[in-house]
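Results of the structural survey
Here is how the chains run, residue by residue.
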Amino acid sequence: MLYMANTYFEAVDIKTFLKLNTEALEVFERVGNKQSSAVIYGNLGEAYAMEKDYKQAMRFFRLADKMFREIGVKRGYSVSTKNMGDVFKELGLFDSAEF
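Everything in this summary refers to the structure shown in the same document. From a predicted model like this one, the values you see are computed outputs, not experimental measurements. (Residues numbered from 1 in each chain as written. Predicted model: local features only at pLDDT ≥ 70, side-chain atom pairs only at ≥ 80, totals over all residues. Heavy atoms only, no water.)

Concerning the packing of helix 4 (residues 54-71) against helix 5 (residues 74-91)
Relative orientation of the contacting elements helix 4 and helix 5 amounts to 160 degrees, with a least axis distance of 8 Å. Between helix 4 and helix 5, the interaxial angle falls into the category roughly antiparallel. Crossing angle aside, the handedness with which helix 4 passes helix 5 is left-handed. On helix 5, the residues touching Tyr54, Ala57, Met58, Phe61, Arg62, Ala64, Asp65, Phe68 and Arg69 of helix 4 are Gly76, Tyr77, Ser80, Thr81, Asn83, Met84, Val87, Phe88, Glu90 and Leu91. (Axes fitted to C-alpha atoms, helices over the stretch in contact; angles between N-to-C directions. Helix = DSSP H or I, 4+ residues; strand = E, 2+ residues; numbered from the N terminus. Parallel < 35°, antiparallel > 145°, perpendicular 65-115°, else oblique. Left-handed = near helix turned anticlockwise from the far one by under 90°. Contact = heavy atoms within 4.5 Å.)

The structure is reproduced here in structure tokens:
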């Protein structure tokens, strides 16, 4: 399901991408797979950022960041922190990008 979702993202079919990722997230949360859930949060953030819905993008990037930190995946939280910085940059909120 996740691989199918990525295909839709590359094809810029955001609606289908969001639907498939949301379905995958429900499965990962149900089985307690925090790392995959965090990846999905990041994917959702990317999709919303692409759509310029920065409020939703930040919501999902923060969820990904929090979960990656909880489970100690440094690469994950470094990517989510970078993604949040990209949103702040897009919005011209350079002071907000401090960590």
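A closer look at the packing of aromatic side chains
For the coordinates displayed, the defined rule picks out 2 aromatic pairs. Consider the rings of tyrosine 48 and phenylalanine 60, whose centres lie 5.7 Å apart with planes at 5 degrees: the pair is stacked. Of the two residues, tyrosine 48 sits in helix 3 (residues 34-50) while phenylalanine 60 sits in helix 4, which places them 12 residues apart along the sequence. Both residues of the pair, tyrosine 48 and phenylalanine 60, count as buried. Linked through ring pairs, Tyr41, Tyr48 and Phe60 together constitute an aromatic cluster. Across the ring face of phenylalanine 60, the terminal group of arginine 59 is positioned such that the distance to the ring centre comes to 4.5 Å. (Phe/Tyr/Trp six-rings, centres within 6.5 Å; stacked < 30°, edge-to-face > 60°. Buried < 20%, exposed > 50% of the residue type's maximum accessible area, 1.4 Å probe, protein only. Lys NZ or Arg CZ within 6 Å of the ring centre and 35° of its normal.)

Some thoughts on the layout of surface pockets
The computed volume of the largest pocket comes to approximately 240 Å³. Around the largest pocket, the lining is made up of 14 residues, and of these Val39, Phe68, Arg75, Gly76 and Val79 lie nearest the centre. Those elements that provide at least two residues to the lining of the largest pocket are helix 3, helix 4 and helix 5. Per-element tally for the lining of the largest pocket: the top contributor is helix 3, with 6 residues. Among the residues making up the lining of the largest pocket, the classes are represented as 6 nonpolar, 6 polar and 2 charged. (1 Å grid on protein atoms, 1.4 Å probe; cavity = no way out; pocket = protein on both sides within 12 Å on 5 of 7 lines; lining within 4 Å. Points joined across faces, edges and corners; volume = space filled by probe spheres on them. Nonpolar A, V, L, I, M, F, W, Y, C, P; charged D, E, K, R; others polar.)

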